[in-house]
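If you want the building blocks of each chain, they are given just below.
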6 protein chains.
Amino acid sequence: MFPNKKVQKLIGSRVLVEMKGDQAILEGVLKSSDDYMNLHLDESVEIVDGERKRSLGSVVLRGNNIILIIPVDEQSV
Amino acid sequence: MFPNKKVQKLIGSRVLVEMKGDQAILEGVLKSSDDYMNLHLDESVEIVDGERKRSLGSVVLRGNNIILIIPVDEQSV
Amino acid sequence: MFPNKKVQKLIGSRVLVEMKGDQAILEGVLKSSDDYMNLHLDESVEIVDGERKRSLGSVVLRGNNIILIIPVDEQSV
Amino acid sequence: MFPNKKVQKLIGSRVLVEMKGDQAILEGVLKSSDDYMNLHLDESVEIVDGERKRSLGSVVLRGNNIILIIPVDEQSV
Amino acid sequence: MFPNKKVQKLIGSRVLVEMKGDQAILEGVLKSSDDYMNLHLDESVEIVDGERKRSLGSVVLRGNNIILIIPVDEQSV
Amino acid sequence: MFPNKKVQKLIGSRVLVEMKGDQAILEGVLKSSDDYMNLHLDESVEIVDGERKRSLGSVVLRGNNIILIIPVDEQSV
């Protein structure tokens, strides 16, 4: 299964996304993704140093600034 | 709804945009966007450490340097 | 008006461009732009900490390293 | 053999991947890759300063933020 | 004249190129460029803090990591 | 000769490649390259502060994170 398909399969479930920039990690429910791995998350929360810092709600992430995507229920934070 | 469509739907309303670079956050009225998520904001303000620092007015943002886009009325800053 | 069109409309007038890299800001007369937002500026000046530091003259800017473009006459530096 | 083909050949075996961002190195079993070098790793572990720091399990890596990919059995960590 | 054409016109003459990464500036004779602004320089020299630090000779620069290109004879270093 | 062709011509010979990220320089034998300047190096060595620090063997480099490529026999390290 191609990486993009793996991401598509996660729609509807919670994901952790590490972004470039100020190195924040976001956790939220994946609403949609596209071929560039642009993501739309809902109920998203910014995580800094392992703590839930700020509730962001609905957010669109630019694919090229995503480092990695982790399905929440397949790993231990 | 694809991430790009989610952004298109925000045209006319206020958005927060986190950019790469000096990690500034911009808030403004979304005037237009395209497939690369290049954005045209109006009445934009640069936000540093949560404070409105500088009024920038009309500004064009390069899509690949956008980290994330948040609809202002769907979250609490 | 799409973001690229907004930029095209600025040809012939002065713009401020924030670049990635050493976070310099350039001001110059926009001579041309293309679909990637590559820009050709003339009479350009590098601005550091709000001061005009160095005259660069004619310069080509790579679009993907542009953070944002601001029309000079639509904002107050 | 083109670089992408070299990566495809590594599917099913362990790879080290150096990412941009917080400069973490991931090690995992390569499940799939595509033309953009987006990768899907399984049984992945984050490596910091040469030590296995955190188990991440299944993870999708965005290709443009990959610095380099090293087949584990072809080098000495 | 589009930005790419401006660069093409500089083939055969000396250019200054500011790169991302360790923020080095290279000066050299532009041998060729393409649509991505990948450049081939010859007789290139790395410039650090305004001083010619290291002779690199023939070098290929990846376009997306170029910040800006300045024709040497059109500006004062 | 276009930049990509210049790189293709180096297949089979040793190259220095400066990457983004932790600013490492790699030296190795260029096995293949493609239109994105993705590279496959063999017998590669990581060079830090001018010293050969770590042998990496076979490695695939993502083109967009390459700053520059230097043919080893055309310059003086």
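In this text the structure is predicted, and so the values were computed from the model without any measurement. (Residues numbered from 1 in each chain as written. Chains lettered and ligands numbered in written order. Predicted model: local features only at pLDDT ≥ 70, side-chain atom pairs only at ≥ 80, totals over all residues. Heavy atoms only, no water.)

Caption draft 1: Region of the structure containing the overall build of chain A. Secondary structure assignment for chain A yields one helix and five strands. Going from the N terminus to the C terminus, chain A shows its helices and strands as α-β-β-β-β-β. Taken over C-alpha atoms, the radius of gyration comes to 11 Å for chain A, in line with the 11 Å a tight globule of 77 residues would show. The C-alpha extent of chain A, read off along each of the three principal axes, is 35 × 25 × 20 Å. Looking at chain A as a whole, 60% of its 77 residues are labelled buried. Residue pairs at least 24 apart in sequence account for 40% of intrachain contacts in chain A once pairs closer than 6 positions are excluded. Counting every atom, chain A has about 3,200 Å² of accessible surface; 49% of that belongs to carbon and sulfur. The centroid of the 10 positive side-chain charges in chain A is displaced by 4 Å from the centroid of its 12 negative side-chain charges. (Helix = DSSP H or I, 4+ residues; strand = E, 2+ residues; numbered from the N terminus. Rg over C-alpha atoms; globule rule 2.2 N^0.38 Å. Buried < 20%, exposed > 50% of the residue type's maximum accessible area, 1.4 Å probe, protein only. Contact = heavy atoms within 4.5 Å. Areas by Shrake-Rupley, 256 points an atom, 1.4 Å probe, with all protein chains shown as cover. Lys, Arg positive; Asp, Glu negative; His and termini not counted. Charge placed at Lys NZ, Arg CZ, Asp CG, Glu CD.)

Caption draft 2: Just the relation of the copies chain B and chain A, in detail. Structural alignment of chain B on chain A gives an RMSD of 0.0 Å, achieved by rotating through 60 degrees and translating 0.0 Å along the axis. Accordingly, the operation relating the two chain copies is best matched by a six-fold axis. Proximity to the rotation axis, assessed at the C-alpha, singles out asparagine 64 of chain B in chain B; its C-alpha lies 6.6 Å from the axis. Taken as a fraction of all interface residues of chain B, those also at the interface in chain A reach only 13%, which identifies the copy contact as different-surface. (Least-squares fit on C-alpha atoms with pLDDT ≥ 70 in both.)

Caption draft 3: Seen up close, the interface of chain D and chain A. If you look at the interface, chain D gives 21 residues, while chain A gives 23 residues. Of all residues in chain D, Ser58, Val60 and Arg62 of chain D bury the most surface against chain A, accounting for 32% of the area lost on that side. Connecting chain D to chain A are zero salt bridges. Our enumeration of links across chain D and chain A arrives at ten residue pairs in polar contact (both at pLDDT 80 or more). Put simply, the parts of the chain that give the side of chain D that touches chain A at least two residues each are β2 (25-33), β3 (39-48) and β4 (51-61) of chain D. Residue contributions to the side of chain D that touches chain A peak at seven residues, all from β4 of chain D. Partitioning the side of chain D that touches chain A into residue classes produces seven nonpolar, ten polar and four charged. (Buried area = accessible area lost by both parts, 1.4 Å probe. Salt bridge = Lys/Arg side-chain N within 4 Å of Asp/Glu carboxyl O. Polar contact = N/O pair within 3.5 Å; in protein donor to acceptor, adjacent residues only side chain to side chain. Nonpolar A, V, L, I, M, F, W, Y, C, P; charged D, E, K, R; others polar.)

Caption draft 4: Region of interest: the interface of chain B and chain A. Of the residues lining the interface, 23 residues belong to chain B; the matching set on chain A comes to 21 residues. Taking both partners together, chain B and chain A bury about 1,800 Å²; carbon and sulfur atoms supply 54% of that area. Looking at the side of chain B facing chain A, the largest losses of area belong to Pro3, Ile67 and Leu68 of chain B, adding up to 26% of the total buried there. Run the count over chain B and chain A and you get zero salt bridges. Our count for the contact surface shared by chain B and chain A stands at ten residue pairs in polar contact (both at pLDDT 80 or more). For the side of chain B that touches chain A, the secondary-structure elements that each account for two or more residues are α1 (3-9) and β5 (66-71) of chain B. Relative to β5 of chain B, strand β4 (residues 51-61) of chain A runs antiparallel, the two being bridged by two bridges. Within β5 of chain B, the residue paired with valine 60 of chain A across the bridge is isoleucine 69 of chain B. (Pairing = 2+ DSSP bridges.)

Caption draft 5: The arrangement of the pairing of β3 of chain D in detail. Residues and elements named next belong to chain D. Most of β3 sits out of view: seven of its ten residues are buried. Here seven bridges tie β2 to β3, and the two strands are oriented antiparallel to one another. Within the sheet, the bridge partner assigned to valine 29 lies in β3 and is aspartate 42. Counted between consecutive antiparallel strands, the loop separating β2 from β3 contains five residues, among which methionine 37 sits at a positive phi close to 65 degrees. In terms of strand pairing, β3 meets β4 through eight bridges, oriented antiparallel. Each residue of the ladder has a partner; that of histidine 40, found in β4, is valine 60.

Caption draft 6: The pattern of salt bridges, seen in detail. This structure, assessed with the given rule, holds 24 salt bridges over all chains. For glutamate 27 of chain C, the salt bridge is made with arginine 52 of chain C, and the minimal N-O distance between the two is 3.1 Å. A residue pair is termed long-range when its members are at least 10 positions apart, and glutamate 27 of chain C in strand β2 (residues 25-33) and arginine 52 of chain C in strand β4 (residues 51-61) qualify at 25 residues. We classify glutamate 27 of chain C as buried; its relative accessible area is 5%. In this structure, the salt-bridge partner of glutamate 43 of chain E is arginine 14 of chain E, at a minimum N-O distance of 3.7 Å. In this pair, glutamate 43 of chain E sits in strand β3 (residues 39-48) while arginine 14 of chain E sits in strand β1 (residues 14-19), placing the two residues 29 residues apart along the sequence. Each member of the salt-bridge network shares a partner with another, and the members are Arg14, Glu27, Glu43 and Arg52 of chain A.

Caption draft 7: Quick peek at unusual backbone geometry. Look at aspartate 49 of chain C: it is not a glycine, yet its phi comes out positive at around 50 degrees. Locating aspartate 49 of chain C in the fold gives a position in the loop between β3 (39-48) and β4.

Caption draft 8: Representation of the arrangement of the chains within the structure. Separating chain A from chain F is a minimum C-alpha gap of 11 Å, and the two share no contact. For chain B and chain F, which are not in contact, the least C-alpha distance works out to 13 Å.

Caption draft 9: Quick look at the environment of leucine 41 of chain F. Residue and element names in this part refer to chain F. Examined against the element boundaries, leucine 41 turns out to sit in strand β3 (residues 39-48). Considering only alpha carbons, one finds leucine 41 and leucine 30, eleven residues apart in sequence, at a separation of 4.7 Å. Every residue in contact with leucine 41, bar those within four places of it in the chain, is listed here: Val15, Val17, Leu26, Gly28, Val29, Leu30, Lys31, Gly57, Ser58, Val59 and Leu61.

Caption draft 10: Up close: empty space enclosed by the protein. Scanning all chains against the criterion turns up three cavities of 30 Å³ or more. In this structure, the largest cavity spans a volume of roughly 60 Å³. Residue lining of the largest cavity: Leu16, Val17, Glu18, Ile25, Leu68 and Ile70 of chain A together with Arg54 and Leu56 of chain D, and that is the complete set. Those elements that place two or more of their residues in the lining of the largest cavity are β1 (14-19) and β5 (66-71) of chain A together with β4 of chain D. With three residues, β1 of chain A is the single largest residue contributor to the lining of the largest cavity. Of the residues contributing to the lining of the largest cavity, the split by class is six nonpolar, no polar and two charged. (1 Å grid on protein atoms, 1.4 Å probe; cavity = no way out; pocket = protein on both sides within 12 Å on 5 of 7 lines; lining within 4 Å. Points joined across faces, edges and corners; volume = space filled by probe spheres on them.)

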